[in-house]
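Structural description and commentary
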Amino acid sequence: MARAGRVSARLERRTREPIVMARPYGYCRDRRLGGRVMRALDSLPHGFCLFDAGDRLLFANAGYRRLFGQPDGEARPGMHARTLIAINAAQGLKSGRDPEQIWTERRRFLARRDPGTLLQTLSDGRQIALTLQPQADGGWVALYEDVTERRRAETLLRHMAHHDPLTDLPNRYLFEARLERATAEPTGQGCALLCIDLDGFKPVNDLYGHAAGDALLRQVAERLREGLGEQDTAARLGGDEFALLLADAPASTVLDRARRIHERLTEPYAIGTGRPVLVGAAIGIACATRQAFEARTLVERADAAMYQAKRLGHPCLWSEALRFGHAPTAEAAL
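Now for a look at the structure at hand. Please read these numbers as outputs of a predicted model, since none were measured by experiment.

This part covers helix H2 (residues 34-42). All of the buried residues along H2 are Gly34, Gly35 and Met38. Looking down the long axis of H2, one finds its buried residues gathered within 100° of arc, a one-sided arrangement.

What follows is about the packing of aromatic side chains. How two aromatic rings sit relative to each other is given by the distance of their centres and the angle of their planes. According to the stated counting rule, one finds 5 aromatic pairs in the structure shown. Measuring from centroid to centroid gives 5.2 Å for tyrosine 64 and tyrosine 144, while their planes differ by 55°, and the two rings are tilted. Of the two residues, tyrosine 64 is situated in helix H3 (residues 62-68) and tyrosine 144 in strand E7 (residues 140-146); the sequence distance between them amounts to 80 residues. Taking relative accessible area as the criterion, tyrosine 64 reaches 1% and is therefore assigned buried. Ring pairing ties together the aromatic residues Tyr64, Phe68 and Tyr144, which thus form one cluster.

Contact geometry for helix H8 (residues 201-208) and helix H9 (residues 210-225): axes closest at 6 Å, N-to-C directions at 140°. Here Phe201, Val204, Asn205 and Tyr208 of H8 come into contact with H9, specifically with His210, Ala212, Gly213, Leu216 and Leu217. For the contact of H8 with H9, a count of residues per class yields 6 nonpolar, 3 polar and no charged.

This paragraph deals with the sheet that holds strand E9 (residues 233-238). Hydrogen bonding along the main chain pairs the strands of a sheet, whether they run parallel or antiparallel. Spatially, 5 strands are ordered E9-E10-E8-E11-E12 in an open sheet, and the strand pairing comes out mixed. With partners counted over all chains shown, the strands left at the sheet margins are E9 and strand E12 (316-317), one partner each. Across the face of the sheet, helix H10 (residues 251-265) comes into contact with strand E8 (191-199), strand E10 (241-246), strand E11 (280-288) and E12 while running at roughly 165° to E11.

A few words on H8. Of the positions making up H8, those classed as buried are Phe201, Val204 and Asn205. In an axial view of H8, the angular spread of the buried residues amounts to 95°, which keeps them on one side of the axis. Opposite its buried face, H8 presents the exposed residues Lys202, Pro203, Asp206 and Leu207, each directed more than 90 degrees away. Turning to H8, the residues buried within the fold contact E8 and H9. A positive backbone phi angle near 100° is found at glycine 209, which sits one or two residues after H8.

In terms of nonpolar packing, the biggest core is built from 31 residues, with Leu194 and Leu224 touching the most fellow members. Put simply, the parts of the chain that give this core at least two residues each are E8, H8, H9, E10, H10 and E11. Among the elements that line this core, the one with the most residues is H9, at 7 residues. Residues contacting leucine 224, with those up to four places away along its chain left out, are Ile196, Ala234, Phe242, Leu244, Ile261 and Leu265. Among the nonpolar cores identified, the runner-up in size contains 25 residues, and Tyr64, Phe68, Leu84 and Phe109 belong to it.

Here we come to the sheet that holds strand E4 (residues 57-60). One open sheet accounts for 5 strands, arranged E4-E3-E7-E6-E5; its pairing is antiparallel. The sheet is open, and its two borders are formed by E4 and strand E5 (116-121), each paired with just one other strand. Averaged over all pairs of adjacent strands, the angle between their axes in this sheet comes to 20°, without regard to strand direction. For strand E3 (residues 47-51) and E7, the ladder comprises 5 bridges, and the chain directions are antiparallel. Each residue of the ladder has a partner; that of phenylalanine 51, found in E7, is tryptophan 140.

The next subject is the pattern of salt bridges. A complete count under the given rule lists 18 salt bridges for this structure. Its salt-bridge partner being glutamate 149, residue arginine 152 comes within 2.5 Å of it at the nearest N-O pair. Of this pair, arginine 152 and glutamate 149 both sit in helix H6 (residues 148-162), 3 residues apart, which is roughly one turn of the helix. In this structure arginine 152 comes out as partly exposed when scored by relative accessible area, which is 47%. For glutamate 149, a relative accessible area of 54% gives the class exposed. In this structure, arginine 257 and aspartate 232 form a salt bridge, with 3.6 Å as the shortest nitrogen-oxygen distance. Taken together, the positions of arginine 257 in helix H10 and aspartate 232 in the loop between H9 and E9 put the pair 25 residues apart, joining distant regions of the chain. A residue is classified by how much of its surface remains accessible, and aspartate 232, at 14% relative accessible area, is buried. Because the salt bridges share partners, they merge into one network encompassing Asp197, Asp199 and Lys310.

Analysis parameters
Residues numbered from 1 in each chain as written. Predicted model: local features only at pLDDT ≥ 70, side-chain atom pairs only at ≥ 80, totals over all residues. Heavy atoms only, no water. Buried < 20%, exposed > 50% of the residue type's maximum accessible area, 1.4 Å probe, protein only. Helix = DSSP H or I, 4+ residues; strand = E, 2+ residues; numbered from the N terminus. Arc of directions from axis to C-beta. Phe/Tyr/Trp six-rings, centres within 6.5 Å; stacked < 30°, edge-to-face > 60°. Axes fitted to C-alpha atoms, helices over the stretch in contact; angles between N-to-C directions. Contact = heavy atoms within 4.5 Å. Nonpolar A, V, L, I, M, F, W, Y, C, P; charged D, E, K, R; others polar. Pairing = 2+ DSSP bridges. Core = buried A, V, L, I, M, F, W, Y, C linked by side-chain atoms within 4.5 Å. Salt bridge = Lys/Arg side-chain N within 4 Å of Asp/Glu carboxyl O.

On their own, these measurements won't tell you what the molecule is for.
Here it is, written out as structure tokens:
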């Protein structure tokens with residue numbers, strides 16, 4: 001019985017022993033599991049740092065050193081977090097930012113005592129997600145993750161979702177969103193919508209093949225991009241249908257712009273067929289004033305003007321003469 005009691009006492013003492021015991025500016029590792037814990041932290045693909053309540057480093061794993069190009073021993077236990085920021089800044093990784101300002105922002109964030117993630121861009125272009133996790137004893141954990149490739153992939157997916165894969169112009173979804181915004185919150189002189197339909201594209205596609213047709217559409221897109229303002233949008237709506245949204249275009253100038261676009265689109269195209277090809281373009285225009293204007297109405301008016309342009313052979317601006325059910329008149333034409 002006495003022997004059994006001694007064994008029980010030893011087991012009880014062992015269950016109370018911590019795996020890793022904290023000591024000032026470092027750790028005392030348990031013979032069985034402490035080393036494994038440290039090796040596991042070093043094997044993480046992310047950077048991991050543990051700081052005490054005085055913002056001094058207790059532990060930095062190998063992932064942190066790899067991320068910031070630090071040799072072994074440079075990030076030493078006992079270093080202040082401000083010093084680590086200064087070391088990285090001295091290596092040119094902080095895009096010229098003042099280390100003291102970075103630390104002040106970091107300290108302000110930690111003072112909230114809530115976990116959170118910051119995104120920082122290094123001077124070499126890498127994007128690092130820094131997650132700060134306050135601890136109950138006043139210390140905190142910093143987890144560094146290189147998210148450059150992930151964010152690049154996310155940006156590419158967003159771009160692909162909103163752009164035509166052939167011409168790289170905004171697609172119908174993005175164009176309609178911008179048109180809704182432009183008509184709901186008009187600025188300057190108001191906006192103008194140009195609906196464009198190519199004439200003669202199908203014969204080119206049928207005669208020379210889809211590769212030649214695709215080359216023609218890409219060149220049309222390039223010509224539509226010419227002369228666009230920062231707030232303007234050229235889009236491919238589908239097939240051989242395109243649209244232009246001119247964000248600040250008074251009616252007094254939009255007709256001249258449409259005529260220049262028409263002339264450019266009807267110039268010969270070299271698409272690898274051995275001879276230049278020609279296509280026509282029907283351009284219908286509708287203008288919205290500085291007052292709010294429904295996007296749907298603007299589209300209907302520009303579409304009606306485009307069918308008028310198909311009959312007349314040159315750009316047309318919607319007017320009262322182009323009301324649905326009325327015969328078109330020359331007053332709407334250039």
